[in-house]
Structure formats: structure tokens, C-alpha cells
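# What the coordinates show
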Amino acid sequence: MENIRIGNGYDVHALAEGLPLWLGGVRIESPVGCIAHSDGDVAIHALCDALLGALALGDIGKHFPDTSDEFKGIDSKILLNRTMELIREAGYKVGNADITIAMQRPKLAPYIMSMRETLADNMGISVSDVSVKATTTEKLGFVGRGEGCEVYAVVLLLK
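This report concerns the structure included in the present document. What you see is a predicted model, and the numbers here were worked out from it, not measured in a lab. (Residues numbered from 1 in each chain as written. Predicted model: local features only at pLDDT ≥ 70, side-chain atom pairs only at ≥ 80, totals over all residues. Heavy atoms only, no water.)

## A closer look at the pairing of strand β1 (residues 4-17)
Short version of the rule: For two strands to be treated as a pair, DSSP must find at least two bridges joining them. A run of H or I in DSSP counts as a helix once it spans at least four residues, and a run of E counts as a strand once it spans at least two, with each numbered from the N terminus.
Pairing of β1 with strand β7 (residues 148-158) involves 11 bridges; the strand directions are antiparallel. What sits directly across from G9, in β7, is A153. Two strands pair when backbone bridges link them, and β1 and strand β4 (residues 32-34) are joined in this way by 3 bridges, in the antiparallel orientation. Bridge pairing links A16 to G33 in β4.

Printed below as a string of C-alpha cells:
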């Protein structure tokens with residue numbers, strides 16, 4: 001029987017005009033982007049938290065602190081690749097990942113497949129093992145008012 005671990009991740013970032021919007025490793029055409037120390041890819045940050053959490057390795061802030069100049073403006077795909085190194089060093093591989101992005105605008109449907117492909121490539125798994133879904137909050141809360149973006153991620157790791 002395989003050793004199975006499940007991880008759950010969550011991240012949120014405020015949005016501001018004039019910043020680039022990166023989600024799932026893909027640049028999204030948008031008048032707003034995430035306020036962050038790194039490139040602000042909230043989807044990759046939630047995914048990294050899920051991966052790290054599955055093996056009880058702490059959270060993204062422990063490994064890549066937002067107080068470090070090393071990570072200022074960093075491409076979050078680099079953070080995902082470093083997280084995957086930790087997963088592999090522990091003898092695990094990703095079975096699948098499921099990510100839900102909550103954002104009122106812009107519409108993300110045209111970018112979903114690119115996000116899936118980018119994330120799969122960076123995790124070294126099949127695109128069929130990566131799910132990315134987008135939803136709104138029906139104009140409720142900070143997400144619905146366009147003030148922020150939140151992402152939930154779940155992963156299954158196999159040994």
C-alpha cells in the first residue's frame with residue numbers, strides 16, 4: 001500500500017491598479033494585480049502551502065519569508081520548483097492537485113488550460129493531474145468588491 005498524504009493550502013492577496021496579475025504561473029490581462037513581496041502569484045502560493053502542509057513542512061512563509069530580499073519580486077514558479085525539490089527529497093510525488101481561484105474580475109476561463117499546463121510542467125506531472133477552477137463570490141465580500149483574490153488548493157502526495 002502506498003503512503004498517501006493530503007495537503008490543503010490557502011492564500012489571499014489584495015489587488016491594486018497598475019500591477020501585473022500572475023495566476024498559476026500565467027500573466028493575466030488585467031487592470032489590477034496582486035500586492036505582494038514576490039510576483040504575487042496567489043495560486044502558486046496556495047499550491048506551495050498545500051504541498052508543504054501535506055508533509056508537515058510548515059508554510060510558504062517559513063521557507064520563503066517575505067522579509068527576505070532574496071524573494072523580492074521573485075517569479076513564484078521558482079518557489080514552486082524549490083517546494084517540489086523538498087517533496088521529492090522526502091520520497092513523494094504529486095498524485096494530483098486541485099486549485100480554486102476566487103476572483104470577481106477579470107474572467108479567468110481563457111487562461112485555465114495555460115495555468116494547468118504551466119503548473120503541471122513545473123511539478124513534473126501530467127496536465128490531467130492538475131485541476132484549476134475559477135469562481136466569483138457573486139459580488140460578496142472583499143473578493144466580490146474587487147479588493148482581493150483568494151485561492152484554495154488541495155494536493156494528494158504518494159510515496
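## Comments concerning the environment of T118
Selection criterion: The contact rule is simple, with two residues in contact once any of their heavy atoms fall within 4.5 Å. Contacts described as polar in this section are N or O atom pairs within 3.5 Å, which, within protein, must combine one atom able to donate a hydrogen with one able to accept it, while residues neighboring in sequence count only if both atoms come from side chains.
Here T118 is to be found in helix α4 (residues 112-123). Along the backbone, T118 and A97 are 21 residues apart, and their C-alpha atoms lie at a distance of 13 Å. With residues near it in sequence (within four places) discarded, T118 still touches G24, G25, V26 and K77. At 2.8 Å, the side chain of T118 forms a polar contact with the backbone oxygen of S114.

## Quick look at the pattern of salt bridges
Put simply, the rule reads: Throughout this description, the term salt bridge denotes a Lys or Arg side-chain nitrogen within 4 Å of a carboxyl oxygen of Asp or Glu. Each residue is placed in one exposure class: buried if its accessible area under a 1.4 Å probe, protein chains only, is under 20% of its type's maximum, exposed if it is over 50%, and partly exposed if it falls in between.
Applying the stated criterion to the full structure yields 4 salt bridges. With a shortest N-O distance of 2.4 Å, D98 and K133 are connected by a salt bridge. Taken together, the residues span a long stretch of sequence, with D98 in strand β5 (residues 93-102) and K133 in strand β6 (residues 130-135) at a distance of 35 residues. Judged by relative accessible area, which is 30%, D98 ranks as partly exposed. Residues E147 and R145 are paired through a salt bridge, measuring 2.8 Å at the closest nitrogen-oxygen approach. Judged by relative accessible area, E147 falls into the partly exposed class, the value being 40%.

## Observations concerning helix α3 (residues 76-89)
Cut-off, in case you're wondering: One less than the residue count of a helix, multiplied by 1.5 Å, gives the span that helix is expected to have. Comment: arc refers to directions from the helix axis out to C-beta atoms.
Over its 14 residues, α3 extends 20 Å from the first C-alpha to the last, a length consistent with the 20 Å expected when each residue adds 1.5 Å. By the burial criterion, the buried members of α3 are S76, K77, L79, L80, T83, M84 and I87. Angular distribution of buried residues about the axis of α3 spans 150 degrees; they occupy a single face of the element. Considering only its buried residues, α3 is in contact with β2 (21-23), α1 (42-54), α2 (60-63), β5, α4 and β7. Between a side-chain oxygen at the N-terminus of α3 and the backbone nitrogen of K77 the separation is 2.8 Å; the capping residue is D75. G91, located one to two residues past α3, shows a positive phi value of around 85 degrees.

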